[in-house]
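Overview (structure and organization)
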Amino acid sequence: MDRPIGVFDSGVGGLTVLRELVRTLPQERFVYFGDTARVPYGTKSRETVTRYAIEIANHLIVRHDIKMLVVACNTASSLSLPVLRKIYKIPVVGMVDPCVRRAAALQRHASIGVIGTSGTIRSGAYDEALKVAIPGAAVRSLACPLFVSLVEEGITAGVIAQAVVTEYLEPFRRQPPDSLILGCTHYPVLKEPIRELLGDGVTLIDSGEEAAHVVDILLSESDLKWRGERGGEVRFLVTDDPERFAAVGERFYGGRMETVERIAL
Ligand code: DGL
C-alpha cells in the first residue's frame, strides 16, 4: 500500500507524535499538516475545532489520498474524534484511546492524572474513556495552559520551566498518581522538569509513543502496511509561515525539515 499516512495538528506540537511514528514506522510515507494559521485549538469551542478538523481531513483525503488519519492534536482528538470517525471510511487514530490503553495496562493503575489544554480537560474525553477502561480508578484532570507557550518559547529546562511546572503540578506532587497522561502534543518536551518534580514513582504516558504503537498494530491488522523496499518520506504542509514552523518545529521533531509547503485550504 503506497499511500501516505496523514497526521494533523493545530501547529508544531504534533511533530512530537510524528517523530514517534517515523521512529516506529521508518519505511512509511507521511504527510504532516500543521494548521499554524489557526493555532491554538486548546482555547476554542468543539464546533470550531471540529470544523477545522473536517477541512483538514478533507484536504488530506482528496489531495493526498491518505490511507489512515492520525489526529495528533489532543484537543482535536478529545473534541472531534467521534464525528471524524462517522464521516470517513479510512481508519482514524486519536490520542485518547492509546493513552488510556497504556494506563490500564500498567501494573499500578488505581489513580491516574491527566493534563492537557483547557479544551481537552473541559471535554472530559479522557475521564470518560478512563472510567470505561478502568472502572473504579481515581482520575484527576488538570489544565496546564501555560505549558504550550513555554515550550514554543524554548523554555524546557531551568528555573522558569521548573517554576511553571511546579505551579501547575503541585497537587500531583502532594498526592502522586500511579501514572500521569501527558495529554497534549507539547508536554513530552517538558518530561524532564515534570520528572524532576514528581519523581520516578509516577509513570509518564506520552501520547505520541502510545499512538505510534497503535498505528503500527492497526496498519498490520488492516493490511495497510507498506512492505516494499523504498525508504520512508515525510511531507510538511502548513497554513502559515513555513520558516517559523521549521525553526520552532526542530525542537519537537528532533531533526531538520528540509521543505515546508504553505497551502491554502
Ligand atoms: N496541539 C494542541 C494539543 O495537543 C496544543 C496546542 C493548541 O492549543 O493548539 O492539545
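To start, this report covers the structure provided alongside it. (Residues numbered from 1 in each chain as written. Predicted model: local features only at pLDDT ≥ 70, side-chain atom pairs only at ≥ 80, totals over all residues. Heavy atoms only, no water.)

1. Side note on the sheet that holds strand β4 (residues 92–93)
Here is the rule we go by: Two strands are said to pair when DSSP picks up at least two bridges between them. Starting at the N terminus, helices and strands are each numbered in turn, a helix being any DSSP run of H or I of at least four residues and a strand any DSSP run of E of at least two. Any pair of residues with heavy atoms lying within 4.5 Å of one another is described as a contacting pair. Fitting a line to C-alpha atoms yields each axis, with helices limited to the stretch in contact; the angle taken between N-to-C directions then spans 0 to 180 degrees.
The sheet built from six strands is open, its strands ordered β4-β3-β1-β2-β9-β10 with parallel pairing. In this open sheet, the two strands that pair with only one neighbour each are β4 and β10 (260–262). Contacting β1 (5–9), β3 (68–71) and β4, helix α10 (residues 207–221) crosses the sheet at an angle of about 165° to β3.

2. Some points on the pattern of salt bridges
Opposite charge on two side chains permits pairing when their charged atoms draw close. So the rule is basically this: Here, a salt bridge means any side-chain nitrogen of Lys or Arg that lies within 4 Å of a carboxyl oxygen of Asp or Glu. Accessibility here uses a 1.4 Å probe with only protein chains present; expressed as a share of the type maximum, an area under 20% marks a residue as buried, one over 50% as exposed, and anything in between as partly exposed.
Scanning all chains against the criterion turns up 21 salt bridges. E261 serves as the salt-bridge partner of R235, at 2.8 Å between the closest nitrogen and oxygen. Linking R235 in strand β9 (residues 233–238) with E261 in strand β10, this pair joins segments that are 26 residues apart in sequence. Taking relative accessible area as the criterion, R235 reaches 36% and is therefore assigned partly exposed.

3. With respect to unusual backbone geometry
The omega torsion of the bond from V39 to P40 falls at 5°, within 30 degrees of zero and hence cis. Note on placement: P40 falls in the loop between β2 (29–34) and α2 (46–64). For D223, which is not a glycine, the phi torsion comes out positive at approximately 55°. By the element assignment, D223 lies in the loop between α10 and β9. Phi at D241 is positive, roughly 30°, even though this residue is not glycine. Tracing the chain through its elements places D241 in the loop between β9 and α11 (242–253).

4. Remarks on the packing of helix α4 (residues 96–105) against helix α6 (residues 125–133)
Rules: Note on terminology: angles under 35 degrees are roughly parallel, angles over 145 are roughly antiparallel, angles of 65 to 115 are roughly perpendicular, and the others are oblique. Should the near helix be turned anticlockwise from the far one by less than a right angle, the crossing is left-handed, and should it be turned clockwise, the crossing is right-handed. Side-chain classes are defined by residue name, with Ala, Val, Leu, Ile, Met, Phe, Trp, Tyr, Cys and Pro counting as nonpolar, Asp, Glu, Lys and Arg as charged, and the others, Gly among them, as polar.
As a packed pair, α4 and α6 sit with axes 10 Å apart at the nearest point and diverge in direction by 40°. Taken together, the axes of α4 and α6 lie oblique to each other. Handedness of the crossing formed by α4 with α6: right-handed. In this structure, α4 contributes V96, D97, C99, V100 and A103 to the contact, and α6 contributes A125, Y126, A129, L130 and A133. Residue classes in the contact of α4 with α6 are distributed as nine nonpolar, no polar and one charged.

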